[in-house]
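Analysis of the macromolecular model
Listed here are the chains, written in short residue letters.
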Amino acid sequence: MESKEKLLMELLGHTVLPAGDAATALALLEANPVDVLLTDISLPDMSGEVLAARARTVRPALRIIYASGQHPSAPLERAQLLLKPYSLDKLMQALQQKP
């Protein structure tokens, strides 16, 4: 995650917990109160779609935002798609959109 994205998310009241892979993200989700998962669809250790499904077993009300240059393999279930490259305005809109 770029520093400008992190700064914007913090300015909007979010605490950012960066994770370099899905396993780390899941560990952070289990250990911290998280309300939004911002992930790519393509990750090194599992797909973002699998990550989102596993994350929702821990946090059923979790909002999911996929920030990706590719479309998902299946329709998004209770999630938003933010196509890369995206502007900070688009990220802000996605974060402020009600689930």
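You'll find the structure just up there.
Now for a look at the structure at hand. No experiment lies behind these values; they were computed from the predicted model shown.

Moving on: the side chain of Gln80. Here Gln80 shows up in strand S3 (residues 79-83). Classification of Gln80 by relative accessible area gives buried; the value is 15%. Here Arg63 takes part through its side chain, which lies 3.1 Å from a polar atom of the side chain of Gln80. Once residues within four sequence positions are removed from consideration, Gln80 is found in contact with Arg63, Ile64, Ile65, Tyr66, Ala94 and Gln97.

In this section: the sheet that holds strand S2 (residues 63-68). With respect to topology, three strands assemble into an open sheet ordered S1-S2-S3, the strand pairing being parallel. This sheet does not close on itself; its edge strands, each paired only once, are strand S1 (36-39) and S3. Pairs of neighbouring strands in the sheet enclose a mean axial angle of 20°, with direction left out of account. Looking at chain direction, S1 and S2 are connected through four bridges and run parallel. Bridging from a neighbouring strand, Leu38 pairs with Ile65 of S2.

Now for the side chain of Ser68. When you line up the elements, Ser68 lands in strand S2. A distance of 2.9 Å separates polar atoms of two side chains, one belonging to Ser68 and the other to Asp40. Once you skip the residues sitting within four places of it in the chain, Ser68 turns out to touch Asp40, Ile41, Leu82, Leu83 and Lys84.

Our focus in this paragraph is helix H3 (residues 48-58). One turn of the α-helix equals 3.6 residues, which is why residues spaced by three or four share an orientation. Among the residues of H3, those classed as buried are Gly48, Leu51, Ala52, Ala55 and Arg56. Within H3, the buried residues cover an arc of 130° as seen down the axis, which keeps them to one side. The inward-facing, buried residues of H3 abut helix H2 (22-31), S1 and S2.

Counting 14 residues, the largest nonpolar core has Leu26, Leu29, Leu37, Leu51, Ala55, Leu62 and Ile64 as the members making the most contacts within it. Contributions of two or more residues to this core are made by H2, H3 and S2. It is H2 that provides the largest number of residues to this core, a total of four residues. Core analysis: the second largest hydrophobic core is formed by 11 residues, Val16, Leu82, Leu91 and Ala94 among them.

Looking now at the environment of Arg63. Checked against the element boundaries, Arg63 lands in strand S2. The class for Arg63 is buried, based on a relative accessible area of 12%. It is 10 Å that separates the C-alpha atoms of Arg63 and Glu77, two residues lying 14 residues apart in sequence. At 2.7 Å, the side chain of Arg63 and the backbone oxygen of Ala94 are in polar contact.

Cut-offs and rules
Residues numbered from 1 in each chain as written. Predicted model: local features only at pLDDT ≥ 70, side-chain atom pairs only at ≥ 80, totals over all residues. Heavy atoms only, no water. Helix = DSSP H or I, 4+ residues; strand = E, 2+ residues; numbered from the N terminus. Buried < 20%, exposed > 50% of the residue type's maximum accessible area, 1.4 Å probe, protein only. Polar contact = N/O pair within 3.5 Å; in protein donor to acceptor, adjacent residues only side chain to side chain. Contact = heavy atoms within 4.5 Å. Pairing = 2+ DSSP bridges. Axes fitted to C-alpha atoms, helices over the stretch in contact; angles between N-to-C directions. Arc of directions from axis to C-beta. Core = buried A, V, L, I, M, F, W, Y, C linked by side-chain atoms within 4.5 Å.

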